[in-house]
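So you can see what is in the structure, the chains are spelled out below.
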Amino acid sequence: MLKLSHISKTFAPGTINAKKALDDLTLEVADGEFITIIGSNGAGKSTLFNAIAGSFLIDSGSIMLGGRDVTLLPEHLRARKIGRLFQDPLRGTAAGMTIEENLMLAAGKGGWFTRMDNKQRNEFREILSRLNMGLEDRMKQPMGLLSGGQRQAVTLLMATINPPSILLLDEHTAALDPAAADKVQSITEDTVKKEHLTCLMITHNMRSALEMGSRTIMMEGGRIILDVSGAEREAMTVQDLLDRFREVSGKAFDNDRMMLTTD
Amino acid sequence: MTISLIQTALELGLLSALAVLALYLSYSMLNVCDLSTDGCFTMGATVGAVAAISGHPYLSVPAAMIAGVLSGFIVSILQTRMGIESLLAGIIVNTAWYSVNIAIMGNASLLNMNRTVTVFTLLKDALKGTVFAESYRLIVAFIAVAAVVAFLSFFLSTRLGLAIRATGNNPDMVRSSSINPAFTTTVGLCISNSFTALGGCLLAQSQKSVNIDIGSGMVTIALASLLIGRVLFTKGGITVKAVGAVAGSIIFRLVYTIALRFNMPAYMLKLVSSVIVIIAISGPYFKDRLPVIRRRLSEGRRGNA
């Protein structure tokens with residue numbers, strides 16, 4: 001499905017601030033796989049997602065998505081195959097437009113001059129009702145009136161309304177209050193399961209990194225330093241993960257948010 | 001104030017409302033500050049005048065609008081594909097259009113249309129002897145504004161219109177919907193500038209002359225009108241707000257006409273419009289700052305002193 005071959009990216013090359021954000025990274029993601037990604041601050045997790053989504057051109061290496069080389073493809077064209085959620089719930093939706101207008105743009109059906117008809121409106125009402133947030137009765141309200149959790153849930157709907165080849169989740173519940181985070185997390189799991197989505201999820205929660213998905217990778221210094229799946233991962237505890245990190249990287253795990261959530 | 005003065009104010013208000021609706025699309029929807037309004041307005045006026053003088057009164061209107069589309073296209077290419085700041089792109093285009101507009105008028109800076117057949121004279125002849133005989137200017141202006149408002153209210157709820165609104169709201173989200181924000185910006189500016197040029201064309205034909213300065217200061221006047229409309233129409237959908245923009249333009253002209261009656265010299269128009277824009281934009285800023293200012297005043301100190 002997704003194949004990253006020896007990709008590298010250095011920001012501000014040749015200056016005193018030069019930072020090697022991705023260092024000869026290779027990763028192959030199988031169809032239907034759900035990978036959780038953990039790592040210290042600045043390990044290159046979000047940069048990896050930016051490279052996949054096409055926010056910048058990588059310095060070297062290649063990116064294949066669904067059998068097609070997308071290395072040079074601009075971001076908005078890759079977006080047909082990629083769904084993405086950010087930590088900030090405001091990033092995925094247009095606040096000044098109504099819920100149904102946001103959904104219509106994400107659905108992208110019909111020509112440029114089509115307008116929303118009742119058939120489409122009913123489809124939107126139906127998928128919104130699955131969130132159990134009462135949003136199906138607020139479809140004509142501006143997105144800006146929704147809470148962070150509601151906005152993130154709608155963003156997830158928008159990202160998966162046309163099932164993408166791959167779904168990128170960048171700590172998409174980290175900015176939500178615990179109840180909303182749980183809710184969005186469970187909607188995510190349901191959607192991924194229902195649509196058989198291939199998914200990469202960055203998380204700061206070590207426990208959910210091991211509980212969710214089928215494979216866990218750990219990043220450090222722009223590389224993948226640990227890649228576990230199957231029986232080995234089944235048997236792993238959070239402490240094992242931390243020990244393995246210290247073992248491979250030679251230092252203690254450092255993620256200011258993660259320290260609080262390693263229970 | 002006489003009826004004829006009110007009528008003139010309404011006519012001017014409606015004609016400049018076309019430029020205001022253009023800014024409604026570019027400034028309020030796309031969130032682009034398109035300063036090429038002045039040059040584009042003049043270009044619409046010159047192209048429309050040249051077409052009418054050469055004997056094509058009907059053709060003059062679409063010709064002016066096409067000139068506006070071209071003008072908008074160039075401004076948008078400069079900012080979306082050539083890395084020029086949007087403010088600078090507008091200023092550059094304005095400067096360039098000064099030369100181009102003189103060239104369009106055939107190396108002249110003034111064209112007279114006293115005996116030219118225009119859409120206004122055509123309607124005037126058609127209405128001769130009826131009760132509307134004296135309101136032909138108002139009717140042309142009203143039809144043009146109504147057509148543009150109707151178009152906007154339809155267009156802004158199509159998928160392309162939604163994409164344009166989202167571009168001003170959250171370009172990231174537009175990109176993730178597989179739409180290129182550079183494309184939506186280009187389409188939006190082409191459409192908005194066609195309205196501006198239409199306004200220029202009709203204003204020139206209604207006053208039977210065009211000179212190279214016809215559009216100067218238009219962007220500030222239009223912005224002032226837009227912001228007046230925004231203050232008065234805070235609630236409602238896109239159509240209501242578009243009507244608000246038109247109302248803002250008419251109110252601006254009415255107030256200006258009243259001011260003239262109280263012996264304000266006519267040349268004060270541009271100063272007044274600038275002051276309105278300053279108040280309308282900095283008003284909310286000072287409102288935010290008010291608690292800080294009030295406490296500083298009451299505690300008689302500044303900063304961390």
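Glancing now at the overall build of chain A. Check the secondary structure of chain A and you find 9 helices and 10 strands. In summary, chain A has a C-alpha radius of gyration of 19 Å against a globular reference of 18 Å for 263 residues, a match within 12%. Each of the three principal axes of chain A carries a C-alpha extent, and together these read 60 × 40 × 35 Å. In chain A, the proportion of contacts linking residues at least 24 apart, taken out of those at least 6 apart, comes to 70%.

Glancing now at the packing of helix α2 (residues 37-53) of chain B against helix α4 (residues 86-104) of chain B. All names here are of chain B. Relative orientation of the contacting elements α2 and α4 amounts to 10 degrees, with a least axis distance of 9 Å. Classified by the interaxial angle, the pair formed by α2 and α4 is roughly parallel. Handedness of the α2/α4 crossing: left-handed. Across from D38, G39, T42, M43, T46, V47 and V50 in α2, the residues of α4 making contact are V93, N94, W97, Y98, N101 and I104. Split into classes, the residues belonging to the contact of α2 with α4 amount to 7 nonpolar, 5 polar and 1 charged.

Across chain A, the average pLDDT comes to 89, with 96% of residues at or above 70. When pLDDT is averaged over each helix and strand of chain A, the minimum, 83, is found for helix α9 (residues 238-249) of chain A and the maximum, 95, for strand β8 (residues 199-202) of chain A.

Here the focus is helix α3 (residues 57-80) of chain B. Residue and element names in this part refer to chain B. With 24 residues, α3 ought to run about 34 Å at 1.5 Å a step, and its terminal C-alpha atoms sit 35 Å apart, in line with that. Where α3 is concerned, the buried positions are S60, V61, A64, M65, A67, G68, S71, G72, V75, S76, Q79 and T80. Along its buried surface, α3 packs onto α2, α4, α5 (119-126) and α9 (181-206).

A few words now on the domain arrangement of chain A. By a widespread convention, an interface's size corresponds to the accessible area lost as its parts come together. All names here are of chain A. For chain A, the assigned domains read domain 1 (2-81 + 164-261) and domain 2 (94-163). Taken over C-alpha atoms, the centre of domain 1 sits 27 Å from the centre of domain 2. Taken together, the contacts link 13 residues of domain 1 with 11 residues of domain 2. Take the side of domain 1 that touches domain 2: its biggest share by element is 7 residues, from helix α6 (residues 178-195). Tallied by class, the residues present in the side of domain 1 that touches domain 2 amount to 8 nonpolar, 3 polar and 2 charged.

Here the focus is the interface of chain A and chain B. Tallying the contact residues gives 23 residues for chain A and 18 residues for chain B. Contributing elements (two or more residues each) for the side of chain A that touches chain B: α2 (75-78) and α3 (99-107) of chain A. If you tally residues by element for the side of chain A that touches chain B, the top one is α3 of chain A, at 4 residues. Of the residues that constitute the side of chain A that touches chain B, the class distribution is 10 nonpolar, 7 polar and 6 charged.

Parameters and conventions
- Residues numbered from 1 in each chain as written.
- Chains lettered and ligands numbered in written order.
- Predicted model: local features only at pLDDT ≥ 70, side-chain atom pairs only at ≥ 80, totals over all residues.
- Helix = DSSP H or I, 4+ residues; strand = E, 2+ residues; numbered from the N terminus.
- Rg over C-alpha atoms; globule rule 2.2 N^0.38 Å.
- Contact = placed C-beta atoms within 7 Å.
- Axes fitted to C-alpha atoms, helices over the stretch in contact; angles between N-to-C directions.
- Parallel < 35°, antiparallel > 145°, perpendicular 65-115°, else oblique.
- Left-handed = near helix turned anticlockwise from the far one by under 90°.
- Nonpolar A, V, L, I, M, F, W, Y, C, P; charged D, E, K, R; others polar.
- pLDDT = per-residue confidence, 0-100.
- Expected span 1.5 Å × (residues − 1).
- Buried ≥ 20, exposed ≤ 12 C-beta atoms within 10 Å, placed from the backbone.
- Domains from an automatic or database assignment.

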